[in-house]
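Listed here are the chains, written in short residue letters.
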Amino acid sequence: MSQTDNLSLPFILPSQAQKHVTHNEVLLKLDAVIQLSVQSRNLATPPTSPDAGSRYIVPASATGDFAGKTGKLATFQDGAFQFSDPQIGWLCYIVDETSWRYFDGSSWAEFINSNARFEQIGIHANADTTNKLSVSSSASLFNNVGNGHQLKINKSTASDNASLLFQTGFSGRAEFGLSGDDQFRIKVSADGNSFTTALTANHTHMEANLPLVLATFNAASLPTPSPSGQVIYVSDAASGAIIAFSDGANWRRCDTSAIVT
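Residues numbered from 1 in each chain as written. Predicted model: local features only at pLDDT ≥ 70, side-chain atom pairs only at ≥ 80, totals over all residues. Heavy atoms only, no water.

Visitor: Please clarify how the overall build of the protein should be interpreted in this entry.
Guide: When its secondary structure is counted, the protein shows one helix and 18 strands. Taken against the 2.2 N^0.38 rule, which gives 18 Å for 261 residues, the C-alpha radius of gyration of the protein at 36 Å runs more than 25% over that of a compact globule. Viewed in the frame of its principal axes, the protein has a C-alpha envelope of about 120 × 40 × 30 Å. Residue burial in the protein is summarised as follows: out of 261 residues, 23% are buried. A total accessible area of about 17600 Å² is found for the protein, and carbon and sulfur atoms account for 53% of it. Side chains of the protein carry 16 positive and 22 negative charges; the gap between the two charge centres is 2 Å. (Helix = DSSP H or I, 4+ residues; strand = E, 2+ residues; numbered from the N terminus. Rg over C-alpha atoms; globule rule 2.2 N^0.38 Å. Buried < 20%, exposed > 50% of the residue type's maximum accessible area, 1.4 Å probe, protein only. Areas by Shrake-Rupley, 256 points an atom, 1.4 Å probe, with all protein chains shown as cover. Lys, Arg positive; Asp, Glu negative; His and termini not counted. Charge placed at Lys NZ, Arg CZ, Asp CG, Glu CD.)

As structure tokens, this is what we get:
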């Protein structure tokens, strides 16, 4: 055997003359293929003044010294390009793309592509079989790409849950969404075990399930009645405390529609 099996590196043989030549040849080849990163994989024309040791993946239809070397690794050594054949599984960082590629036996494929699928993802956290996406962070940003942005939470059947749960110390305190049916609910809890529905809404109406505390004002310092449809509690109207509504121009008593005085 005169060379290694994987990288075809020549052995220094017994009684070989000029052993340093073989040794240096091996070093140059190792320098070309280990800790692999290339400047680009899209240069059809070889660069005119490459840095010593710079590496490139030769694209299809290349010209000059790159002609006929599609997919090979080109390394600039001793003033000329040397070419290496990649092997299945080689991983390479592409500098001008800030991305990774791997050699699949015929081409340099994306290491992680836009259709990649992961069973679990933990970002500064540990994911598990229930919480397949787990994030520990002071904030999370879901940004737009030029227009709007919509967050979707989908459930299988009406009797399932599609909701957001807010916790303190991993104990639930508030939840809103579709819980057990297709009505939108806001629920609250003092202990994380027993939840009380505060508000329920469906496609026809909305109802408050807990006492509603109105904003309280004095008759002498009522807020602006515009827009119409506001409701307040007036603590010292002429005939006592009342509930009042706004018509856009005045505050009126709910019992008689008279202007509040």
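Visitor: What is the right way to read the pattern of salt bridges from this model?
Guide: Note on pairing: side chains with opposite charge can pair once their charged atoms come close. One pass over the structure, following the stated rule, counts seven salt bridges. Linking E97 and R41 is a salt bridge whose minimum nitrogen-to-oxygen distance equals 2.9 Å. Taken together, the residues E97 in the loop between β5 (91-94) and β6 (99-103) and R41 in the loop between β1 (37-38) and β2 (55-57) connect sequence positions 56 residues apart. For E97, a relative accessible area of 25% gives the class partly exposed. As a salt-bridge pair, K72 and D85 come within 2.0 Å of each other at their nearest N and O atoms. Within this pair, whereas K72 is found in the loop between β2 and β3 (73-77), its partner D85 is found in the loop between β4 (80-84) and β5, the two being separated by 13 residues in sequence. (Salt bridge = Lys/Arg side-chain N within 4 Å of Asp/Glu carboxyl O.)

Visitor: Sorry if this is basic, but what is going on with the pairing of strand β17 (residues 240-246) here?
Guide: On a regular strand, one side chain projects to one face of the sheet and the next to the other, so that they alternate. Direction of pairing for strand β16 (residues 231-237) relative to β17: antiparallel, over a ladder of five bridges. Bridging across to β17, Y233 finds its partner in I243. Linkage of β16 to β17, two consecutive antiparallel strands, is achieved through a turn of two residues. In this sheet, strand β18 (residues 251-253) lies alongside β17 in antiparallel orientation, the contact comprising three bridges. Bridged to F245 within β18 is R252. Counting the residues that bridge the hairpin from β17 to β18 gives four residues, and of these G248 lies at a positive phi of roughly 100 degrees. (Pairing = 2+ DSSP bridges.)

Visitor: Which parts of the structure should I look at to understand the environment of A62?
Guide: Along the chain, A62 falls in the loop between β2 and β3. Spatially, the C-alpha atoms of A62 and T45 are 6.0 Å apart, while their sequence positions differ by 17 residues. For A62, the contacting residues outside a window of four places in its chain are A44 and A67. (Contact = heavy atoms within 4.5 Å.)

Visitor: Mind showing me how you'd approach the environment of Q230 here?
Guide: For Q230, the location among the structural elements is in the loop between β15 (216-217) and β16. Among the residues examined, Q230 registers a relative accessible area of 27% and is labelled partly exposed. Separated by 181 residues in the primary sequence, Q230 and S49 have C-alpha atoms spaced 75 Å apart. One polar contact links the side chain of Q230 to the main-chain carbonyl oxygen of T224, over a distance of 3.2 Å. Of the polar contacts made by the side chain of Q230, one reaches the backbone oxygen of P227; its length is 2.8 Å. (Polar contact = N/O pair within 3.5 Å; in protein donor to acceptor, adjacent residues only side chain to side chain.)

Nothing here speaks to function; it is geometry throughout.
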